[in-house]
Amino acid sequence: LRPHFGFFPILAWGAFPAMSGRRGAGGWLLDLARKGLQDDEAEAACNRELARRKERAGRPVPLEYQEVDLSENRIGWKPVQRVVELCLSCQDLRVVKLSRNELCDRAAPMLAHLLGQCKDLEQLHLSHNRLTDDGVAAIVRAAQDARTTLVDTGMRLPLWVRMEFNFVRRPAALLQEFSLRPRTQGADGKPVCGACEALDTQKCGPRNCRLHALVHLPYFSRQQQPPPASAAGSIANGTAQAAPPRSDAPAAGGVRLTPRKALA
């Protein structure tokens, strides 16, 4: 301690404890991003984390992770079931990141189950994958249904879902459908719309929405060029390989889209 003036002492800078989030085992973040994980490796990583759960009074103790990050790997739909099991084993999960992988529509039912069970989730990142209109619709509807049950409690926290640069053919039509489903009224009497693209960056963000939406879908209008009709079915089912999405590909009308890194 340095000499003090008056009643309050002036502390030396080194007297303050370091303030930083904990990562890794026992911390708030499970960081498995950018490790080149394929299906078997991702499933094995989830199994290792689940095996870490200790038992207390004969029951497994929940994991402490608030964020699970598996982005920028090579994960398809097969290990998603284990990823969901891992997420549901976390007692205070807030963020799940699966962007820049190879997820197809066969992962949608498992992700929908996660949203139905983990109603405190704040962010779900699924951009730069291979989801089509059907998979996206299943996920968003599950999020809306889960959020609708919380409206009467006065909850005003929308789910922040990143789904840009997938293989969605009708983004504008889906946005319109999502915004009208379901339209209900909150405990404070304000109308609640189904979804918002968060175009107003001053009034819309991960924790607030000017329309009091159940789900935020930022950048949803920016989609990757869909595959040819002959290959669309196999890509949606995860039975064929597709070229990775290019965020700098020109959009309709020759407008060049914002690069991926600018949207991260």
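Below is a summary of the structure that appears in this document.

## What to know about the nonpolar core
Here is a general trend for soluble globular proteins: nonpolar side chains tend to be buried in one another's company. Membership of the largest hydrophobic core comes to 51 residues, with the highest contact counts inside it found for Val68, Leu126, Ile139, Phe178, Leu217 and Phe220. Elements that contribute at least two residues to this core include exactly α1 (39-51), α2 (80-88), α3 (108-117), α4 (133-151), β7 (159-162) and α5 (171-180). Beyond its immediate stretch of four places on either side in the chain, isoleucine 139 contacts Ala108, Leu111, Leu115, Leu124, Leu126, Leu131 and Met163.

## Description of α5
Residues Pro171, Leu174, Leu175, Phe178 and Ser179 constitute the buried set of α5. Looking down the long axis of α5, one finds its buried residues gathered within 135 degrees of arc, a one-sided arrangement. Seen from the buried face of α5, the exposed residues on the opposite side, beyond 90 degrees, are Ala172 and Leu180.

## Looking at the environment of methionine 110
Along the chain, methionine 110 falls in helix α3. Assessed through its relative accessible area of 14%, methionine 110 is described here as buried. Sequence-wise, methionine 110 and arginine 82 are 28 residues apart; in three dimensions their C-alpha atoms are separated by 9.5 Å. Ignoring any residue separated from it by four or fewer positions in sequence, one finds methionine 110 in contact with Trp77, Val80, Gln81 and Val84.

What counts and how
Residues numbered from 1 in each chain as written. Predicted model: local features only at pLDDT ≥ 70, side-chain atom pairs only at ≥ 80, totals over all residues. Heavy atoms only, no water. Core = buried A, V, L, I, M, F, W, Y, C linked by side-chain atoms within 4.5 Å. Buried < 20%, exposed > 50% of the residue type's maximum accessible area, 1.4 Å probe, protein only. Helix = DSSP H or I, 4+ residues; strand = E, 2+ residues; numbered from the N terminus. Contact = heavy atoms within 4.5 Å. Arc of directions from axis to C-beta.

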